[in-house]
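Take a look at the letters that make up each chain.
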Amino acid sequence: MAREQVNRLVIEHEEIVGVDYSTQGLTELVAVGTRFERCRFDGLRFQYVALGSGMELSQYVECSFDGAVLTGTAGYSRFIGCTFRNAEIRDLTADYLELVECAFTGRIKSTTFWGAPPPGSAERFTSNLAFLAEQGQPEPPGYRTLALRESNEFHGNDFSGVDLVGVDFRYGIDLTRQRLPTGSDYLYLEDAEAALHRALALLVDRPADDLTAQVERSLRRMLDREIGTGQRQLLFREVDYSNKGVLKPHARLMFDLLRNASNWDPVKGQRVGGIVHAVGVHTPEANEALRWLAEQGVTQLGPGRWRQSLPSGDLEHSDNDLAHGWTTAMLDEDRLAPGERLRLGLGLLDLLDEYWVTVELRHFIADQADAGISEAFWAGYRQRLEAPDASEQLQYSLWVDWFEDQKTAGVAFAALLGDDVRYLRAGLGLSALATGPLHRRAARILACSGPVRWAYKHDVYEAVAAVTELHPALFKGVCCTER
């Protein structure tokens, strides 16, 4: 069988500036203690590279590997400001590789990047020193520092346009300091430890079957293997868990759990940024809504994206689709008591922040004869209006539905603010309205209370006029009032 001819370049202890290797047809590259600056390796299809061979550091500064194919070992190498556009990197051993402000497109496959030298590095260093001693050679200058360093420098890199297949970031690489891919099948966990623990908690409500046990083992393995070795953020991709393009059952469940658990901020009580953003607030009611939806085969994929699994295939829905297609079914769930259905509806509002959910909730409350359900509804709205980031659609619905309809305006205004202001004025004083959650609720209600009849609100307006911090919101309410 014919064998491709090897065109091998070995460079030791040189400083090379501005050389274009892209026309030399190289198939192997070995660099030992060499510094390349503004050199081009574009389009070269390397059969093997040893980018930092030996026991010395090799550096590549502002070099380009655009369109190149790289496989082999990175060794002790450091890349600064290099480009790998439309390159293919595969099966690269990168134990000591350092990357700073490099840009990648194309594909990286079957490669692990390390934030610190991996296990066995110290033993390998000792073994190499013993070998050198047997050969009568001294320890190379700087080798101890390279081999025993505590971390690999890895930041400012742009992976946003590269196809990552079987790629891991381990041992403390700070993914918040990299640009990462944002495709629909990627899942980014900014606080991976919290997300993994939350996913494990969500497993409690599942049947104790083999699938649940398999997913639990996987999640606990990640806590030990990744979080336990210093990795704070994790990036997953569905293709790495697929067989012939089909996501394995345990992986599908694991991804669904992690998507629901990701980006949870326990301080703010909401989901925060990340590559897979959840736009809704994550409350206990939201968890219940997520579980109910999952029972119907509906799971969250990302911002404004939901997947419904059907025997005929998967369907994708937007937040608006979900609100119109599932709110009524959720609130009509005859297996549940009215209070449980109300919690689901409030949870769906937390997840979607869609106006249609508030419309259905209003119809639901209108049909309830139990005053306790109505009070639970108003208590749920009060709680959400006190949050740092209250639902815009909830506030909109108060204006156009509850306050413009004079049959409901008085009751709604009293339940959401009026009763509390009257109570405070009669006893504890109005200073509680100046700051904090109650201030946020009062400001939001006042700002959208213009349509409420003067008879229902004049004493409340007069009272809060003594609270300077509420003057801007009160002004908005007064300006829109019709007498």
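Placed above this text is the structure.
A short tour of the structure in this document, coming up. For every chain, the first residue of the written sequence is number 1, and numbering continues from 1 along that sequence. Local features in this predicted model are restricted to residues whose pLDDT is 70 or higher, and side-chain atom pairs enter the listing and the counts only when it is 80 or higher, whereas totals over whole chains, interfaces and linings include all residues. Only hydrogens and water are removed before side-chain values are computed, so all heavy atoms of the structure are retained for them.

**Details of the overall build of the protein chain**
What counts is decided by this rule: Under the scheme used here, helices are H or I runs from DSSP no shorter than 4 residues and strands are E runs no shorter than 2 residues, and both carry numbers assigned from the N terminus. C-alpha atoms define the radius of gyration, and 2.2 Å times the number of residues to the power 0.38 defines the globule rule. The contact criterion used throughout is that any non-hydrogen atoms of two residues lie within 4.5 Å. For this count, His and the chain ends are skipped, Lys and Arg are scored as positive, and Asp and Glu as negative. A charge is said to be at NZ when it belongs to Lys, at CZ for Arg, at CG for Asp and at CD for Glu.
A count of helical and extended segments in the protein chain gives 15 helices and 22 strands. Taking 2.2 N^0.38 as the reference for a compact globule, 483 residues should give roughly 23 Å; the C-alpha atoms of the protein chain span a radius of gyration of 30 Å, well beyond that estimate. Taken along its principal axes, the extent of the C-alpha atoms in the protein chain is 95 × 55 × 40 Å. In the protein chain, the proportion of contacts linking residues at least 24 apart, taken out of those at least 6 apart, comes to 53%. Distance from the positive charge centre (50 side chains) to the negative charge centre (69 side chains) of the protein chain: 1 Å.

**Some thoughts on unusual backbone geometry**
This is how the line gets drawn: Summary of the burial criterion: residues with accessible area below 20% of their type's maximum are buried, those above 50% are exposed, and those between are partly exposed, where the area comes from a 1.4 Å probe applied to protein chains only.
If you check the backbone angles, Glu62 has positive phi at about 55 degrees while not being a glycine. Here Glu62 shows up in the loop between strand S6 (58–61) and strand S7 (69–73). You can call Glu62 partly exposed: its relative accessible area is 49%. One non-glycine residue with positive phi stands out, namely Asp91, at about 50 degrees. Here Asp91 shows up in strand S9 (residues 83–93).

**A short note on the environment of Leu132**
Tracing the backbone through its elements, the reader meets Leu132 in helix H1 (residues 121–134). Residue class for Leu132 comes out buried when judged on its relative accessible area of 6%. Sequence separation of Leu132 and Ala323 is 191 residues, and the distance between their C-alpha atoms is 70 Å. Here Leu132 is in contact with Met55, Gln137, Pro138 and Pro140, once residues within four sequence places are set aside.

**Some remarks on the pairing of strand S3 (residues 28–32)**
As a reminder of what qualifies: Each pair of strands is called paired provided DSSP finds at least two bridges between the two strands.
Within S3, five of the five residues are buried, which leaves it mostly tucked inside the rest of the structure. Covered by surrounding structure in S3 are Glu28, Val30 and Val32 together with Leu29 and Ala31, the residues of both alternating faces. Across five bridges, strand S1 (residues 8–12) lies against S3 in parallel orientation. The residue bridging Val10 from the neighbouring strand is Val30, located in S3. Bridge count between S3 and strand S5 (residues 48–53): four bridges; the pairing is parallel. Across the sheet, Leu29 pairs through a bridge with Val49, a residue of S5.

**Structural notes on helix H8 (residues 338–352)**
The test is simple: Here the expected span of a helix is defined as 1.5 Å times the quantity of residues minus one.
Over its 15 residues, H8 runs 21 Å from end to end, which matches the ideal 21 Å to within 8%, given 1.5 Å per residue. Among all positions in H8, only Arg341, Leu342, Leu344, Gly345, Leu346, Gly347, Leu348, Leu349, Asp350, Leu351 and Leu352 are buried. Its buried side turned inward, H8 meets helix H6 (284–295), strand S21 (305–310), helix H7 (319–331), helix H9 (355–366), helix H10 (371–385) and helix H11 (392–403). Within two residues after H8, Asp353 carries a phi angle of roughly 50 degrees, on the positive side.

**Remarks on the packing of aromatic side chains**
The cut-off we apply is this: Classification of ring pairs rests on two measures: the distance between centres of Phe, Tyr or Trp rings, Trp counted by its six-membered ring, which must be within 6.5 Å, and the angle between planes, read as stacked under 30 degrees, edge-to-face over 60 and tilted in between.
Taken as a whole, this structure holds 35 aromatic pairs when the rule is applied. Judged by centre distance (6.0 Å) and plane angle (45 degrees), the ring pair of Phe113 and Phe159 falls under tilted. Here the residue Phe113 occupies a position in strand S11 (residues 103–114), and Phe159 occupies one in strand S13 (residues 158–170), the gap between them amounting to 46 residues. For Phe113, a relative accessible area of 2% puts it in the buried group. You can call Phe159 buried: its relative accessible area is 0%. Measuring from centroid to centroid gives 4.3 Å for Phe377 and Tyr381, while their planes differ by 45 degrees, and the two rings are tilted. Of this pair, Phe377 and Tyr381 both sit in helix H10, separated by four residues, roughly a single helical turn. Residue Phe377 is classed as buried on the basis of its relative accessible area, which comes to 0%. With a relative accessible area of 0%, Tyr381 lands in the buried category. Chaining the aromatic ring pairs together yields one cluster made of Tyr21, Phe36, Phe41, Tyr60, Phe65, Phe79, Phe84, Phe104, Phe113, Phe154, Phe159 and Phe169.

**Topic: the packing of H8 against H9**
Here is the rule we go by: Lines are fitted to the C-alpha atoms to define the axes, a helix being fitted only along its stretch in contact, and any angle between axes, read from their N-to-C directions, falls within 0 to 180 degrees. In what follows, roughly perpendicular refers to angles from 65 to 115 degrees, roughly parallel to angles under 35, roughly antiparallel to angles over 145, and oblique to any angle outside these ranges. Two helices crossing with the near one rotated counterclockwise from the far one by less than a right angle form a left-handed crossing, whereas a clockwise rotation gives a right-handed crossing. For this scheme, ten residues count as nonpolar: Ala, Val, Leu, Ile, Met, Phe, Trp, Tyr, Cys and Pro. Four count as charged, namely Asp, Glu, Lys and Arg, and the remainder, Gly too, count as polar.
The interhelical angle for the contact between H8 and H9, taken along N-to-C directions, is 165 degrees, at an axis separation of 10 Å. Viewed along their axes, H8 and H9 adopt a mutual orientation that is roughly antiparallel. Considering the relative orientation of H8 and H9, their crossing is left-handed. Residue-level contacts link Pro338, Arg341, Leu342, Gly345, Leu346, Leu348, Leu349 and Leu352 of H8 to Val357, Thr358, Leu361, Phe364 and Ile365 of H9. Per-class residue counts for the contact of H8 with H9 are 10 nonpolar, two polar and one charged.

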